[in-house]
Amino acid sequence: MLYLDARSLVCLAVGILVVAYVLRDLIVLLATQYFSPLKALRSPPSQSFLFGNLREMYQQENTGLLFDWEDTYGHTYAYRGFLGGYRLITTDLAAITHILAHPERFQKPDFVRENLAAMGAGSESVLTTEGDVHTRQRRILAPAFTATHIRTLHPIFWDKAAELLERWTHLANDRKGLYLSIDVLSWLSKATLDAIGLAGFGYQFNALAGKNDELADAYHLIFSTARKLALRTILETWIPLLRRFRPQSEAMDRARAHLTRIGVELIEERKLIMAVEMGKDGPYQNLPEYPRQTRPRDLLSVLAVQSNMASFASQRMTTPEVLCQISTFLIAGYETTASALTWCLYALAHDHAAQHRLRAALQAIPRDSPTLDDDVAKLEHLDWVVREALRLHAPVTWTMRVAMEVDDVPVDNPFTDRWGAVCNSVRVNKGDIITVPIQAINKSKRIWGEDAHSFRPERWRNPPESIKNGLWSNMLTFLGGSRGCIGYRFALAEMKIFLYTLVRNFEFSTEKGVVIEKVFNIVARPIVRPAIPTAAAPANTRPTTTSAPSSNMMPLLIRPVEAFSYIGNAADSPDGKHGEMRFV
């Protein structure tokens, strides 16, 4: 009997050790949360033991949640995350600057990096690496994103903007000046996918032409599947054993294999071209000359040259690393720019006075101007509109960091904790999670005034003197510090060229009765909520369908600018009274 008891104890001990090993990350998380000094901060009540306030957070763009919390709990407080853990959230600019300026102390949490990797970026992407690896990758990537090189990509942006304009014009031709309803998100997504394919790695998606592409299909399959498994990805972060049981369908395997195959082919093509230019040594000695004027100017070409000319292997990127950057170009250069342009047109569609002022400024620049690129880049009013749209509608509404060590985060505005003590800094322990509320800071009335939530491009004539944060234009849209968006010049150039082309030639209006909200998954996407038809709907318009389920789309009304000559005063408020709507 004693022997059986001893054996049982041994089995029990082994079982406990096995379970502890399997759940080690989860146990560390629970211990970190239990001893976290963030528990001393004031916080809103938790809505769920498992998810805390996370469900509320994902709706905060539509509910104004963070502004309500700031009014109640101050600039610096905590909210509840996974398994009720306390997470720091602050709109204090001194705290934000400290966090972003010390990437070695505050890194992306593992669950964020795992989610980005699963969505296609890969584990060796500049989006997911940290420390010395990230610094090395940024240094190698930097030449591809200089202002000088981005300028060489402008012809691609102009071509795709012109192709989109042509297709919209064709659709509008039979409307005789009446409004046409189109999903601008869908069209802009196709255009920016084509643009990043060519500008990023010389690949023809031909999405605007309506052609199916295996690479695009593979990317969309991986991206959409990863979004559905977001909760599972979070659980896998804390319980690594679950990663062994990931659902890997044959379609997903084929998609990843296709991405890898196309990526390797693109990389090898760039290596061959570079070898020809550098002397045709080794296996490349019999290759024909590659005309200098037809060299690819895409980002991958610059990356391949910069990486392979390095003297030391530690200064180069491996093929798996470069493959991850290709996927990153897709995620960052396609999803975010399409979202930003969509929300910019949405803002202009709601403010016709601002839209008409912008159009007048754009039409003052002839399309055949020999200095068109410079004229558009330096056009003040266009710059104001882009800044204001990116302030109000940042594609990424918040980001997260995890403390890698104990630290005291300074604040400009002292705050009161839950015990009534006044604090001049926030103590964080290793493992504490911090949320950087990008959109809440961009729309803070404390910084931007009482009209902070309004679209007013003219505010940039005299911006607030107190704004001293962010990589670009004193905003957090592109973040700041060494983790700031490396491709912000690419995005701005593409946005301005598309806006010049589209707003110069089309008027944009909103559809009556259509309710647009934001959903957040990597980027802030528009979603159509079913609306109740009103009796006041114009008699000569077809009401928008209200029974359809919510979906990512942005229906706007467009009509060619030249239609004003026979439709009426261009300053009329477009409410559907000039003609029926047709959805495309």
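Residues numbered from 1 in each chain as written. Predicted model: local features only at pLDDT ≥ 70, side-chain atom pairs only at ≥ 80, totals over all residues. Heavy atoms only, no water.

Engineer: How should I be thinking about the overall build of the chain in this particular structure?
Structural biologist: Looking only at helices and strands, the chain has 23 helices and twelve strands in total. Taken across its 584 residues, the chain has 53% of its residues classed as buried. Pairs at least 24 apart in sequence give 75% of the contacts found in the chain among residues at least 6 apart. In the form shown here, the chain has an accessible surface area of approximately 26,600 Å², with 56% of it arising from carbon and sulfur atoms. (Helix = DSSP H or I, 4+ residues; strand = E, 2+ residues; numbered from the N terminus. Buried < 20%, exposed > 50% of the residue type's maximum accessible area, 1.4 Å probe, protein only. Contact = heavy atoms within 4.5 Å. Areas by Shrake-Rupley, 256 points an atom, 1.4 Å probe, with all protein chains shown as cover.)

Engineer: Would you mind going over the packing of helix H16 (residues 319–350) against helix H22 (residues 488–503) with me for this structure?
Structural biologist: Angle between the axes and distance between the axes are the two parameters that describe a pair of packed helices. Where H16 meets H22, the closest approach of the two axes is 10 Å, and the angle between their N-to-C directions is 40 degrees. Compared by their axis directions, H16 and H22 come out oblique. The interaxial crossing formed by H16 with H22 has right-handed handedness. Contact residues: H16 offers Gly-333, Thr-337, Ala-340, Leu-341, Cys-344, Leu-345 and Leu-348, while H22 offers Ala-491, Glu-494, Met-495, Phe-498, Leu-499 and Val-503. Here the residues of the contact of H16 with H22 sort into ten nonpolar, two polar and one charged. (Axes fitted to C-alpha atoms, helices over the stretch in contact; angles between N-to-C directions. Parallel < 35°, antiparallel > 145°, perpendicular 65-115°, else oblique. Left-handed = near helix turned anticlockwise from the far one by under 90°. Nonpolar A, V, L, I, M, F, W, Y, C, P; charged D, E, K, R; others polar.)

Engineer: Is there a simple way to explain the sheet that holds strand S12 (residues 555–560) in this structure?
Structural biologist: The strands that make up a sheet are held in pairs by hydrogen bonds between backbone atoms, and each pair lies either parallel or antiparallel. Taken in spatial order, the three strands make up an open sheet running S4-S12-S9, and their pairing is antiparallel. Edge strands, defined here as strands with exactly one partner in the open sheet, are strand S4 (180–183) and strand S9 (506–510). Strand-to-strand twist in this sheet, taken as the mean axis angle between neighbours without regard to direction, amounts to 40 degrees. Taken together, the five bridges between S9 and S12 define a ladder with antiparallel strand orientation. Each residue of the ladder has a partner; that of Glu-507, found in S12, is Arg-559. Sheet strands in contact with helix H11 (residues 184–201) are S4 and S12, and its direction is about 55 degrees off that of S4. (Pairing = 2+ DSSP bridges.)

Engineer: Looking at this structure, how should I read H11?
Structural biologist: A rise of 1.5 Å per residue sets the reference length of H11, with its 18 residues, at 26 Å; its end C-alpha atoms lie 25 Å apart and thus fit the reference within 8%. The element H11 is extensively covered by neighbouring structure, given that 15 of its 18 residues are classed as buried. For H11, the N-terminal capping position is held by Asp-183, with its side-chain oxygen 3.3 Å away from the main-chain nitrogen of Leu-185. Backbone geometry just after H11 places Gly-202 at a positive phi near 65 degrees. (Expected span 1.5 Å × (residues − 1). Polar contact = N/O pair within 3.5 Å; in protein donor to acceptor, adjacent residues only side chain to side chain.)

Engineer: Teacher, can you tell me more about the environment of Leu-153 here?
Structural biologist: Relative to the helices and strands, Leu-153 is located in the loop between helix H9 (147–152) and helix H10 (154–172). Using a relative accessible area of 1% as the deciding quantity, one classes Leu-153 as buried. Sequence separation of Leu-153 and Leu-299 is 146 residues, and the distance between their C-alpha atoms is 9.0 Å. With sequence-adjacent residues up to four places away left out, Leu-153 is seen in contact with Ala-199, Arg-297, Asp-298, Leu-299 and Phe-490.

Engineer: What exactly am I supposed to notice about the environment of Arg-459 here?
Structural biologist: Assignment of secondary structure puts Arg-459 in the loop between helix H21 (445–448) and H22. The spatial distance from the C-alpha of Arg-459 to the C-alpha of Trp-448 is 8.9 Å, given a sequence separation of eleven residues. When sequence neighbours within four positions are dropped, the list of residues in contact with Arg-459 reads Glu-388, Arg-391, Trp-448, Asp-451, Ala-452 and Ser-454. A distance of 3.4 Å separates the side chain of Arg-459 from the backbone oxygen of Trp-448, its partner in a polar contact.

Engineer: What exactly am I supposed to notice about the nonpolar core here?
Structural biologist: As a rule of thumb, nonpolar side chains are buried together in soluble globular proteins. Of all hydrophobic cores here, the largest spans 118 residues; its most connected members are Leu-164, Trp-168, Phe-201 and Phe-508. Among the elements that take part in this core, H16 stands out by supplying 16 residues, more than any other. Judged by nonpolar contacts, the second largest core, of 28 residues, contains Leu-66, Tyr-77, Tyr-79 and Met-119. (Core = buried A, V, L, I, M, F, W, Y, C linked by side-chain atoms within 4.5 Å.)

Engineer: I would appreciate a short explanation of the sheet that holds strand S3 (residues 106–107) in the present structure.
Structural biologist: Here five strands make up an open sheet; going across it, the order is S1-S2-S8-S5-S3 and the pairing mixed. Of all strands in the sheet, those bounded by a partner on one side alone are strand S1 (76–80) and S3. Sheet analysis places S1 next to strand S2 (residues 86–90), joined by five bridges and oriented antiparallel. If you follow Tyr-77 over to S2, its bridge partner there is Ile-89.

Engineer: Mind showing me how you'd approach the packing of aromatic side chains here?
Structural biologist: Within a pair of aromatic rings, the relevant descriptors are the distance that separates the centres and the angle that separates the planes. Following the criterion strictly, the structure yields 18 aromatic pairs and no others. Between Trp-158 and Tyr-500, the ring centres sit 5.6 Å apart and the planes meet at 85 degrees, which makes this aromatic pair edge-to-face. Pair noted here: Trp-158 is in helix H10 and Tyr-500 is in helix H22, with a separation of 342 residues, a long-range link. The pair Trp-158 / Tyr-500 is uniform in exposure class, with both members buried. Between Phe-478 and Tyr-488 the ring centres are 5.9 Å apart and the planes differ by 50 degrees, which places this aromatic pair in the tilted class. Of this pair, Phe-478 sits in the loop between H21 and H22 while Tyr-488 sits in helix H22, and the two are ten residues apart along the sequence. Each member of the pair, Phe-478 as well as Tyr-488, carries the same accessibility label: buried. An aromatic cluster of at least three residues, connected via ring pairs, comprises Trp-69, Tyr-73, Tyr-77 and Tyr-79. The ring of Trp-187 is capped by Lys-190, whose NZ or CZ atom sits 4.9 Å from the centre of that ring. Over the ring of Trp-448 we find Arg-391; its NZ or CZ atom is 5.2 Å from the centre of that ring. (Phe/Tyr/Trp six-rings, centres within 6.5 Å; stacked < 30°, edge-to-face > 60°. Lys NZ or Arg CZ within 6 Å of the ring centre and 35° of its normal.)

Engineer: Please explain unusual backbone geometry as it appears in this structure.
Structural biologist: Peptide bonds are trans in most cases, and residues, glycine excluded, mostly fall at negative phi. Positive phi values are uncommon outside glycine, yet Asn-206 reaches one of about 55 degrees. Even without being glycine, Leu-479 reaches a positive phi, approximately 60 degrees. By the element assignment, Leu-479 lies in the loop between H21 and H22.

Engineer: It is not clear to me how the pairing of strand S11 (residues 523–529) should be interpreted in this structure. Could you clarify?
Structural biologist: One face of the sheet, then the other: side chains in a regular strand alternate in exactly this way. Burial analysis of S11 places six of its seven residues in the buried class, which makes it a mostly covered element. Judged from the seven bridges that link them, strand S10 (residues 515–521) and S11 form a sheet pairing that is antiparallel. Counterpart to Asn-521 in the pairing with S11 is Val-523. Where S10 folds back onto S11 in an antiparallel hairpin, the turn is made up of one residue, including Ile-522, whose phi is positive at roughly 75 degrees.

Keep in mind these numbers describe shape, not what the thing actually does.
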